[in-house]
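Take a look at the letters that make up each chain.
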Amino acid sequence: MPDFNRSSSEHLWQSLSLFNIFRLLIVIGLMVGAFLLTGESLLERDHFWVVIWILGFYTLCGIVFAFGIAKKWPRFDVQLSIHVLIDVIFIVTLMHLGGGIKSGFGILLLPYLAGAGLIARGRMTIFHAAIASIALLCEMLWSAIHGDLVSTIPMSTVFLCIASFAVAWLAYRLSRYAEENRELAERRSVDIANLGQLNTRILQDVSDGVLVVDHQNLIQQFNEQAVRVTGVRADLGGPLAADFPELAGPLQRWREFPELGNSELVQTAGGRNTLRARFVSLTQDSSGNVLIYLEDMARLRRESQQLKLAALGRLTANLAHEIRNPLGAISHAAELMREEASDDPLLQKLTRIINDNSLRLERMVKDVLELNRRDRVERIDIHLADWLANFVDEFRQQEKIPVQLAIICPPEAMVRFDVGHLHQVLWNLSRNGWRYCLKQDQSLRFSVSVFRSAWMLSVTNDGPPVPSDAQSQLFEPFFTTESKGTGLGLYIAREICAANAALLEYQSPPEGGACFRILFGYTDGEKI
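Report follows, based on the coordinates. Since the structure is predicted, the reported quantities are computational estimates derived from the model, not experimental observations. (Residues numbered from 1 in each chain as written. Predicted model: local features only at pLDDT ≥ 70, side-chain atom pairs only at ≥ 80, totals over all residues. Heavy atoms only, no water.)

**A closer look at the pattern of salt bridges**
Here is step 1: Going through the model one piece at a time under the given rule, you end up with eleven salt bridges.
Here is step 2: A salt bridge links D381 to R416; the nearest nitrogen and oxygen atoms lie 3.1 Å apart. Of this pair, D381 sits in strand 6 (residues 379-383) while R416 sits in strand 8 (residues 414-418); the two residues are 35 residues apart in sequence, bridging distant segments of the chain.
Here is step 3: Across the salt bridge formed by R517 and E505, the nearest N and O atoms sit 2.6 Å from each other. Here E505 lies in strand 11 (residues 502-507) and R517 lies in strand 12 (residues 514-520), a separation of twelve residues in the sequence. By the burial criterion, R517 is buried, and E505 matches it. (Salt bridge = Lys/Arg side-chain N within 4 Å of Asp/Glu carboxyl O. Helix = DSSP H or I, 4+ residues; strand = E, 2+ residues; numbered from the N terminus. Buried < 20%, exposed > 50% of the residue type's maximum accessible area, 1.4 Å probe, protein only.)

**A word on the sheet that holds strand 1 (residues 209-213)**
Here is step 1: The sheet built from five strands is open, its strands ordered 2-1-5-4-3 with antiparallel pairing. Looking at the sheet topology across the chains shown, the edges are occupied by strand 2 (219-222) and strand 3 (263-267). Going across the sheet, the axis of each strand differs from the next one's by a mean of 25°, ignoring polarity.
Here is step 2: Here strand 1 pairs with strand 5 (residues 290-296) via five bridges, running antiparallel. (Pairing = 2+ DSSP bridges. Axes fitted to C-alpha atoms, helices over the stretch in contact; angles between N-to-C directions.)

**Considerations on the nonpolar core**
Here is step 1: F446, I518 and F520 are the most contacted members of the largest nonpolar core, which has 45 residues in total.
Here is step 2: Secondary structure elements with two or more residues in this core: helix 13 (384-399), strand 8, helix 14 (419-436), strand 9 (444-451), strand 10 (454-461), helix 16 (489-499), strand 11 and strand 12.
Here is step 3: If we ignore the near neighbours within four places in the chain, the residues touching F520 are L384, V415, F417, L422, A454, W455, M456, L457, A501 and A502.
Here is step 4: In terms of nonpolar packing, the next biggest core, distinct from the first, is built from 40 residues, V27, F48, V51 and I119 among them. (Core = buried A, V, L, I, M, F, W, Y, C linked by side-chain atoms within 4.5 Å. Contact = heavy atoms within 4.5 Å.)

**So, the packing of aromatic side chains**
Aromatic rings considered in pairs are described by the distance between their centres and by the relative angle of their planes.
Here is step 1: All chains considered together, the criterion is met by 13 aromatic pairs.
Here is step 2: Aromatic pair F417 and F520: ring centres 5.7 Å apart, planes at 85°, arrangement edge-to-face. With F417 in strand 8 and F520 in strand 12, this residue pair connects regions lying 103 residues apart in the sequence.
Here is step 3: Put simply, the rings of W387, F391, F395, W427 and F446 pair up and form one aromatic cluster.
Here is step 4: Here the basic side chain of R23 rests over the ring of F19, its NZ or CZ set 5.0 Å away from the ring centre.
Here is step 5: For R517, the ring lying beneath its charged end belongs to F451, and the centroid distance is 5.0 Å. (Phe/Tyr/Trp six-rings, centres within 6.5 Å; stacked < 30°, edge-to-face > 60°. Lys NZ or Arg CZ within 6 Å of the ring centre and 35° of its normal.)

**Here's the deal with the packing of helix 4 (residues 76-97) against helix 5 (residues 109-119)**
Here is step 1: Two elements in contact, helix 4 and helix 5, have axes separated by 10 Å at closest approach and are oriented at 175°. One element, helix 4, and the other, helix 5, form an angle in the roughly antiparallel class. Contact residues: F76, L80, V84, D87, V88, I91 and V92 in helix 4; L109, Y112, A116 and I119 in helix 5.
Here is step 2: For the contact of helix 4 with helix 5, the per-class residue count stands at ten nonpolar, no polar and one charged. (Parallel < 35°, antiparallel > 145°, perpendicular 65-115°, else oblique. Nonpolar A, V, L, I, M, F, W, Y, C, P; charged D, E, K, R; others polar.)

**Describing the packing of helix 14 against helix 16**
Here is step 1: One can describe the packing of helix 14 onto helix 16 by two numbers: an axis separation of 10 Å at closest approach and a directional angle of 145°. For the element pair helix 14 and helix 16, the recorded crossing hand is left-handed. Residues H421, Q424, V425, N428, L429 and N432 of helix 14 lie in contact with helix 16, whose contacting residues are G489, L490, I492, A493, I496 and C497.
Here is step 2: Considered class by class, the residues forming the contact of helix 14 with helix 16 number seven nonpolar, five polar and no charged. (Left-handed = near helix turned anticlockwise from the far one by under 90°.)

**Re the sheet that holds strand 11**
Here is step 1: Read from one edge to the other, the open sheet built from five strands follows the order 7-9-10-12-11, with strand pairing classed as mixed. The strands lining the two open edges of the sheet, one partner per strand, are strand 7 (406-408) and strand 11. Adjacent strand axes in the sheet meet at a mean angle of 15°, parallel and antiparallel pairs treated alike.
Here is step 2: Examined bridge by bridge, strand 10 and strand 12 share six bridges and lie antiparallel to one another. Bridge pairing in strand 12 places M456 opposite L519.
Here is step 3: Helix 13 rests against strand 7, strand 9, strand 10 and strand 12 of the sheet, and its axis sits at about 165° to strand 9.
Here is step 4: Of the strands in this sheet, strand 11 and strand 12 touch helix 16, which is tilted by about 140° from strand 11.

**Focus on unusual backbone geometry**
Here is step 1: For the bond from W73 to P74, the omega torsion is -5°, close enough to zero to count as cis.
Here is step 2: In this fold, P74 is placed in the loop between helix 3 (48-71) and helix 4.
Here is step 3: Of note in this structure, N217 is not a glycine but carries a positive phi near 60°.
Here is step 4: Within the secondary structure, N217 is located in the loop between strand 1 and strand 2.
Here is step 5: A relative accessible area of 16% places N217 in the buried class.
Here is step 6: Non-glycine residue A501 carries a positive phi angle of around 60°.
Here is step 7: Mapped onto the secondary structure, A501 falls in the loop between helix 16 and strand 11.

**Some details on helix 14**
Owing to its 3.6 residues per turn, the α-helix brings residues three or four apart onto one side.
Here is step 1: For helix 14, spanning 18 residues, the distance from its first C-alpha to its last is 26 Å, which sits close to the expected 26 Å at 1.5 Å a residue.
Here is step 2: Listed in full, the buried residues belonging to helix 14 are H421, L422, V425, L426, W427, N428, L429, S430, G433 and W434.
Here is step 3: One side-chain oxygen of the residue at the start of helix 14 lies 3.0 Å from the amide nitrogen of G420, identifying that residue as D418. (Expected span 1.5 Å × (residues − 1). Polar contact = N/O pair within 3.5 Å; in protein donor to acceptor, adjacent residues only side chain to side chain.)

Following this line, the structure appears as structure tokens:
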């Protein structure tokens, strides 16, 4: 409401300024009339030069009024009343010098009163009409006292007084109606602006990517999620086919044949992401503006998988404890059989198979139990430069690595993470990276950099990249390319990162090799 009041006050001062301009234009018109249009009748009058002096004084008053309006002093009501009083005196004086009511100058009071009524507030309009009426009656009385009965027409003066009140009141009502409409329009504009901001906020918070295109397939709006799932930041006002050619065809088919369905699977540029594009018309038919929802199928699969794993989590946690006891008995029995069958190669081979698979089951049970503890997070501030140097030293000693590993980390890099969880995730990534690299100096590199105003830790090796057909399954549980692997390492690492408000993802560097990076402060690709 204070904004409305401030806007209304400015509007009143602007109106008063226009009223003053109108006053100066009247002076110019009267001067032109006095010198060019009146003929000899006015030039022969004794009052001609008096009128010219009055017009000059009135012009000076208009200039003084302009300065008062610019300084906004005195206050608006006082200024308006002074303006109207000077106007009434000026017009009634001209009317008297021109021959009274018959001169026609009195009719000029009506536009002045109408203008004042359009910008006045409260009962000021009636007050201004009363001033004009009193001035007219005084002029008539003055003429009657001095014997100028020819120029005195009482009924004309009375009608002009009545017209003054009528015009003032009508102008006031019109101004109130206009003011109410203006305030309503301002409120509506504020509501529309707030609604636009709300829509923009909702659009940005939608979990799916959203594009808005018009009837010419020009992009009008998009959210950050659309940038993430497509990898393209479109130009507003640009054609859809230029930035998203994979969407232009499905959209055109839907516009032509909406009965065939409003969704279609598309591949993003590079084929790394599969999206389900869903088209929703913002008009009654499909030829107008369209909302395009882009659902990341990989995210949908992850969410579906999370639901399934959540249901299985409680079961596997209990089963893991129960499996350990018979598994220990099997391993113990296999050891006894190997001792008894030391001279039988076949039994030795069978017991070795039993032991290997028992160890594999033991690792799987351990991983499942570790996954069940991922919600026990104690996040603290970690200075990555010192912590990473200590970690690399420990990793080289434990894995007996003879070569140097590269570390690039700004000294000011600091993240919030559970220390044990970070150690577990980075150990898993480092061991995988060392297994596949060329095992030379700096074949395994640890680098910390800024990504979208947050820190990012990259573990890069110079080995072969992950095949494109396996990249979509890297973080799925029980997916492995090794016969002895459990397939839970990367899945558990990603779950631990998610529990610590971070994101673990794979990237193929342009120079070759493989890179896993941890984006701190991100959840599902969105910065928190």
